[in-house]
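Structure at a glance
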Amino acid sequence: MKKIIITLLLLVSFSMFGQMYNPVKWTTSVEKISDREYILKAEAAIQSGWHLYGQYIEEGGPSATAFSFKNSKKNFEIIGKTTEGKGHEVVDKIFNMKIKYFEDKALFTQKIKFNSDQITNIAAEVEFMVCDDSNCLPPSSEELSFKIPNSKKLASIKETTVKEDLALVEENASVKTAEKVETAIVNPVKKKDTRGLVSIFIIAFLSGFAALLTPCVFPMIPMTVSYFTKQSKTKAAGIRNALIYGFSIIIIYVLLGSIVTAVFGADSLNALSTNVWFNLIFFILLVVFAVSFLGAFEIMLPNALANKVDSQADRGGLIGIFFMALALAIVSFSCTGPIVGTLLVEAASKGGIAPIVGMLGFSTAIALPFSLFAAFPGWLNALPKSGGWLNTVKVILGFLELALAFKFLSNADLVLQLHWLEREVFLTIWIAVFGTLAFYLFGKITLPHDSPLNHISVGRLGFGLIVLSFTIYLIPGLWGAPLKLISGFAPPMQYSESPDGFGASKTVSETKSVLPDGAEFGPHNIITFHDYDKGMEFAKKSGKPVLLDFTGYACVNCRKMEELVWSDSKVLDVLKNEVILISLYVDDKKELPENEQYVSETTGKKIKTIGNKWSDLQIKRYKANAQPFYVIVDHNSVNLTEPSAYNPDITAYYSWLNAGIKNFKK
C-alpha cells in the first residue's frame, strides 16, 4: 500500500512539473564461455545525479530491478540467478529503509546454456525504477535484445589475452563497471594510505627526537631559548618569539618535503621505489651518511651560505626569527642531513604526500623543545649536560643507517632477480652490523670523537643487551627461521640459497612433478602463477576462484602480508586449497616480445616490460597503482568481493577471503 501511495504522489509531482526524464540507457552484449554456454550482459548507463535500484528490495520500498527472459526452456536454460555489482547500500531518506542502488553505470549478467543451435537472438524485459536525491520516477520497463553473433566472431575466454582484456575492460563482466570500480576500491586504499602516513609521521617524529640528541642540535636548545628570553622585553614576548621560531622550523622542513614531492610528482615517487637506479643511488647515499655518522668525516654545507643566512637573522622581527630557524637547519645539517635524507628516501618509496608528512613529523619534534623550554625556562636546569653521550647517539644512528642501506641494495637485487644478495647474505650482513653495534655499546670498540669510557651507564648497558638479543634472534634465520620481526625488510624465504629451509629433502624432480604448467612454488610453498592467462586457465579446470595478487619484488608491505598474514594456518589453508593464486609483479623488468608491446590507453606510456603490463592492468581495471592489492575474481574476471589492500589483521583478511569464495559458490 505504501508503495502505491508513493508512486501516485510521484506521478502527480511529475505531471505538475511537465518535464520528461529518461535518465537510463540500456545496452546489451554477449560473451561466449563454451560452445553452448554464454554470458548475457545488460549494462545501464545512468545519468549523473540519478541512481538505479538493485534486484533485492524489501517490501514497501521502491521497485526493484527485475529481468525476465523470453523463449527460454525450449531454446536455452537459465543457469543461476542474474548477478549484479556491489553498488551502494544506504538508508534511503524517502523510503526510510536500507536500499542498494547504482550510480553512473550498472552491469547485470546472466549465464545461460543453449539447447538449440539455431537460436540467434534472446529477448528479455527489464523492469526498473530510478531516483535522484529528492525525486523518483515511476517504475518503467524496457525490452532488451541479446544478439548471438556467429561463433567465429566471439573470442573464447581461453583465447582472450591480457592485452585484449585491457582493451575490452569496459565491456568485461565485472561486479563493478570500470568507472565505478574506483568507488569500490577507494575506501580500502585510502585506509591503507592513512595508516601508512600515520606510520611515517610517527617514525619521522621519533627520528626528530633522535636528531635532537646529536652534538649539532642538543647544545642549541639552551642557547637559543636563553637568547629569546633575554632579548624579549617581557616573558610573554619571549614565549611568542620562541613559538614563532618553532613554527619557522616546521615551515622550513615542510617546504623541503613539498619541493621533493613537487619535483618528482606524487605518483612518480611511488614508482621510484622499485626503480633499480633509485635504490642503488640511495644505497650509496645511506652508506655515505652512515660513514659520516661513524666519524670518518662531516657533511657540511658551504660556510658562505651559513654566514649569509646568519647575517639575515640580525634583521629582527618575524623575518629575523625565520632566518634564525634557517640558520639552525644549516648549522645542524651535518647531523640532521643524513636523518632527513633517510626519511625522504623512505617516504619517497610510499609516494603521494608522504615526504611532506615525514618532514612535518620530523620538524615538529625538532621545534617542540624550543617552544616548551621557552615557555618554561626552569626546565632547562633538568637537561643533561652536553658530553660524549651525544656522539654515542650519533654513532648508533650511523649503524642504523648502514643496516637500512642494505635494504635498498636488496630491493635492486630483487627487482633484477640477480640473486647476489639472497636472504642468507642479507642476514649475515645485518648480524655483522648489529653485532658490531653491540660490541660498541659494551665499550669493546671505540671510534673517532669518542670520549674515554671509564664505565658503562645502565642505559647504555640496557640498550646494548637489546641490540645483542636482536642479533642473536637473527642467527636462526640463516637456517630458515621466519624472523617475523623483520618481515618485509629481509628478502623473502623463497629468495634464498635454501628456499625450503636448511637440510630440506625435497628434490627438484619431486617439486616439478606436483606443479601445473606455468606454476611455481611461492611463499609458504603455495602453488603460484605469474602469468595471468595460464593461471586463469588452470582455475577453470580446477573449478576454484582466483586470487589476483598485484605485488612487487621490492614491496615491503607485500612481504609483510606474506610473512605475517599468509603464514597463519587458517589463511594458508585457504590459499593452498580454496583459491588459485596469480601473483603479478609490477616491477618485473623482463621485456615483452616486440609484438606484445603497446601504448597504454590509460597512462599513454609505452608498455615494454612484464611489470609494465601488470601495472597497466591494475590501473586500467581497478584504478589503483599501489601494492599489495588483492582481488578475488571468478573465471570471467568478475569481482567476487571488494578488492583489498594492505591489511595486517589476520581475522579480517581471512573473512575477506571466505566472503569471495562464498560468492563464487553461489
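Anyway, here's the lowdown on the structure attached to this text. This structure is a prediction, so every number in the text was calculated from the model and none was measured.

Cut-offs used in this document
- Residues numbered from 1 in each chain as written.
- Predicted model: local features only at pLDDT ≥ 70, side-chain atom pairs only at ≥ 80, totals over all residues.
- Heavy atoms only, no water.
- Helix = DSSP H or I, 4+ residues; strand = E, 2+ residues; numbered from the N terminus.
- Contact = heavy atoms within 4.5 Å.
- Areas by Shrake-Rupley, 256 points an atom, 1.4 Å probe, with all protein chains shown as cover.
- Axes fitted to C-alpha atoms, helices over the stretch in contact; angles between N-to-C directions.
- Parallel < 35°, antiparallel > 145°, perpendicular 65-115°, else oblique.
- Left-handed = near helix turned anticlockwise from the far one by under 90°.
- Pairing = 2+ DSSP bridges.
- Phe/Tyr/Trp six-rings, centres within 6.5 Å; stacked < 30°, edge-to-face > 60°.
- Buried < 20%, exposed > 50% of the residue type's maximum accessible area, 1.4 Å probe, protein only.
- Lys NZ or Arg CZ within 6 Å of the ring centre and 35° of its normal.

Another aspect to go through is the overall build of the chain. Secondary structure assignment for the chain yields 20 helices and 18 strands. Look at the contacts in the chain between residues 6 or more apart in sequence, and 73% of them connect residues 24 or more apart. When the accessible surface of the chain is split by element, carbon and sulfur atoms take 60% of a total near 32,300 Å².

Time to look at the packing of helix H18 (residues 569-577) against helix H20 (residues 650-665). At a minimum axis separation of 10 Å, H18 and H20 run at an interaxial angle of 30°. Judged by the inter-axis angle, H18 sits roughly parallel to H20. At the point where H18 passes H20, the crossing takes the left-handed sense. Taken together, the residues of H20 that come into contact with H18 (itself represented by Lys570, Val571, Val574 and Leu575) are Ile650, Tyr653, Tyr654, Leu657, Asn658 and Ile661.

The subject of this paragraph is the sheet that holds strand S11 (residues 140-147). In spatial order, the strands read S4-S9-S11; together these three strands make up an open sheet with antiparallel pairing. Strand pairing shows two members of the sheet lacking a second neighbour, strand S4 (66-69) and S11, which therefore form its edges. The average undirected angle you get between the axes of adjacent strands in this sheet is 25°. As defined by bridge partners, S4 adjoins strand S9 (residues 121-128) across four bridges and the pair is classed as antiparallel. Residue pairing across strands places Phe69 opposite Ala124, the latter belonging to S9.

Another point: the packing of aromatic side chains. Here the structure, examined in full by the defined rule, presents 23 aromatic pairs. Judged by centre distance (6.4 Å) and plane angle (25°), the ring pair of Phe470 and Tyr473 falls under stacked. Here Tyr473 and Phe470 lie together in helix H14 (residues 458-474), a separation of three residues that amounts to about one turn. Judged by relative accessible area, Tyr473 falls into the partly exposed class, the value being 28%. Among the aromatic residues, those joined into a cluster by ring pairs are Trp26, Phe67, Phe102, Phe108 and Phe128. Above the plane of the ring of Tyr654 lies Lys570, whose end atom (NZ or CZ) is 4.9 Å from the centre.

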